[in-house]
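Read off the chains here:
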Amino acid sequence: MQQFTPISDLGEFGLIQRIGELLGKTRNPLLKGIGDDAAVYPIADSRVQVVTSDMLIENVHFDRMFHPLRYLGFKAISVNASDVCAMNALPQYATISLGVPHNMSVEMVEHLYQGVAQACALYGIDLIGGDTTASRQLVIAVTAIGEAEASQIAYRSGARPDDLVCVTGDVGAAYAGLRILLEEKKRFEAAKGEGHAPDLNAFDYVIQRSLSPTARLDMVRNWRENQIVPSAAIDISDGLASEINHLCGQSNVGALLQMAKVPIEILTREVAEQFGEDPETFALYGGDDYELLFTVTPEEAILLDETLFTVIGTITHPEEGLHLELQDGSTMPIASNGFRHF
Ligand code: ADP
Ligand code: MG
């Protein structure tokens, strides 16, 4: 009988590994295939291109009830630009493949593309093609291409003991925004659409972080202005805890992070407390932040624009493992449970 192994037995990353094994050896020049934020291959002399794909699916990644289409278009480009930035490459081109449900109008598709165009202008991306098909639910699959010097590429695997662990912006805000939106949706449905429109102005920042995140091209520009190549970099899509595990795993190093240094906005804290939960949990496991987690030497860190990032810890030797120092001085291992699709 044909075997049926549930995908949850392997998990997302186990499944991807199985796919990689099945495909075997590559046939063309390649610097990095499966396993980083983007694939990297040489194009000419010392230049390389990076390619990444990320899709957004209705009711998995977004809820059309509270996600304005313009923001969704912006987000679809941002999440891909973010993976290009995580390689220290500059995004240049993108394609979009759309699955469009019957309940979407021409005007709605136009709104989606207004957001796409806005993001493309912000990141310097040209949209050069895609595909359009009917679908039960809205699907937005983007492929982004970027370019860099081979020597500029920051892989996940280059972190070395004594490097500083840095994170741009703040973390946990997107998850806080999502919680507010889900709560409001629940209230709206309980009131059967009656009652007052909610006043969400006070939550603007976290809601915007969830609905229309911005890729950190500003950090990439700052690395380049200072001729610094991070020893390792990854973008935070599944949560800080999950991404530091990927980075340290692929670099074969440990790390000691300080919880007190992890940047969490006041509003994120307030939202977590409103739900009776720890802001730290939001910051470590929330996901969807699209900030950059990277490592540089202490000498390099002082040259960078300090308004763009925070030092949250140090890379250690592999046998020291991956630990988080809490406010009371105790330490705990950092488990990698980010968002699980399966
Ligand atoms: P990210 O979170 O940075 O977008 P993912 O966790 O989605 O990265 O993917 C990890 C790696 O696995 C990437 O190199 C990606 O290209 C690869 N990958 C993901 N899904 C597939 C698939 N279905 N087939 C081949 N490679 C895949
Ligand atoms: Mg990534």
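Refer to the structure printed above.
None of the values given here were measured: they were computed from a predicted structure.

(A) Here's a closer look at the packing of aromatic side chains. This structure, assessed with the given rule, holds four aromatic pairs. An aromatic cluster of three or more residues is present, and its members are Trp223, Phe294 and Phe309. Here Arg179 stacks its cationic end above the ring of Phe275, 4.5 Å away from the centre of that ring.

(B) Main features of the pattern of salt bridges. A full pass over the atoms with the stated rule returns 16 salt bridges. Linking Arg47 and Glu147 is a salt bridge whose minimum nitrogen-to-oxygen distance equals 3.0 Å. Here Arg47, found in strand β2 (residues 47–57), pairs with Glu147, found in strand β5 (residues 139–149); they are 100 residues apart in sequence, far enough to count as distant. Assessed through its relative accessible area of 29%, Arg47 is described here as partly exposed. With a closest N to O distance of 3.0 Å, Glu291 and Arg209 form a salt bridge. Of the two residues, Glu291 is situated in the loop between α9 (279–285) and β9 (292–296) and Arg209 in helix α5 (residues 204–211); the sequence distance between them amounts to 82 residues. Accessibility expressed as a relative area gives 6% for Arg209, which makes it buried. The network of salt bridges with common partners includes Asp170, Arg209, Arg216, Asp218 and Glu291.

(C) Here's a closer look at the coordination of the magnesium ion (ligand 2). Within the protein, the atoms that donate to the magnesium ion (ligand 2) are Asp37 (OD), Asp83 (OD) and Asp235 (OD), at distances of 2.0 to 2.1 Å. Site description for the magnesium ion (ligand 2): donor spacing in sequence, D-x45-D-x151-D. With Asp83 in helix α2 (residues 69–85) and Asp235 in strand β7 (residues 232–235), the pair connects residues that are 152 residues apart, well separated along the chain. The exposure class of Asp235 is buried, given its relative accessible area of 1%.

(D) Layout of helix α4 (residues 173–190). Spanning 18 residues, α4 covers 26 Å between terminal C-alpha atoms, matching the ideal 26 Å at 1.5 Å per step. All of the buried residues in α4 are Ala173, Ala174, Ala176, Gly177, Arg179, Ile180, Leu181 and Glu184. As for α4, its buried residues are in contact with α5, α8 (266–274) and α9. Residue Lys192 follows α4 closely and has a positive phi angle near 50°.

(E) The pairing of strand β1 (residues 39–44), seen in detail. As paired elements, β1 and β2 share five bridges and run antiparallel to each other. Note that in β2 the partner of Ala39 across the bridge is Val51. With antiparallel pairing between neighbouring strands as the criterion, β1 and β2 make up a hairpin whose turn holds two residues, including Asp45 at a positive phi of roughly 40°.

(F) Examining the sheet that holds strand β4 (residues 126–134) more closely. Strand order in the open sheet made by the five strands is β1-β2-β5-β3-β4, with mixed pairing throughout. Two strands lie at the open edges of the sheet, namely β1 and β4, each paired on one side alone. Each neighbouring strand pair of the sheet contributes to a mean axis angle of 20°, computed without reference to strand direction. Alignment of strand β3 (residues 90–100) against β4, held across eight bridges, turns out to be parallel. Along β4, the bridge assignment pairs Ser97 with Asp131. Where α2 meets the sheet, it contacts β2, β3 and β5, and its direction lies at approximately 145° from that of β2.

Analysis parameters
- Residues numbered from 1 in each chain as written.
- Chains lettered and ligands numbered in written order.
- Predicted model: local features only at pLDDT ≥ 70, side-chain atom pairs only at ≥ 80, totals over all residues.
- Heavy atoms only, no water.
- Phe/Tyr/Trp six-rings, centres within 6.5 Å; stacked < 30°, edge-to-face > 60°.
- Lys NZ or Arg CZ within 6 Å of the ring centre and 35° of its normal.
- Salt bridge = Lys/Arg side-chain N within 4 Å of Asp/Glu carboxyl O.
- Helix = DSSP H or I, 4+ residues; strand = E, 2+ residues; numbered from the N terminus.
- Buried < 20%, exposed > 50% of the residue type's maximum accessible area, 1.4 Å probe, protein only.
- Donors = N, O, S within 2.8 Å, 3.2 Å for Na, K, Ca; no water.
- Expected span 1.5 Å × (residues − 1).
- Contact = heavy atoms within 4.5 Å.
- Pairing = 2+ DSSP bridges.
- Axes fitted to C-alpha atoms, helices over the stretch in contact; angles between N-to-C directions.

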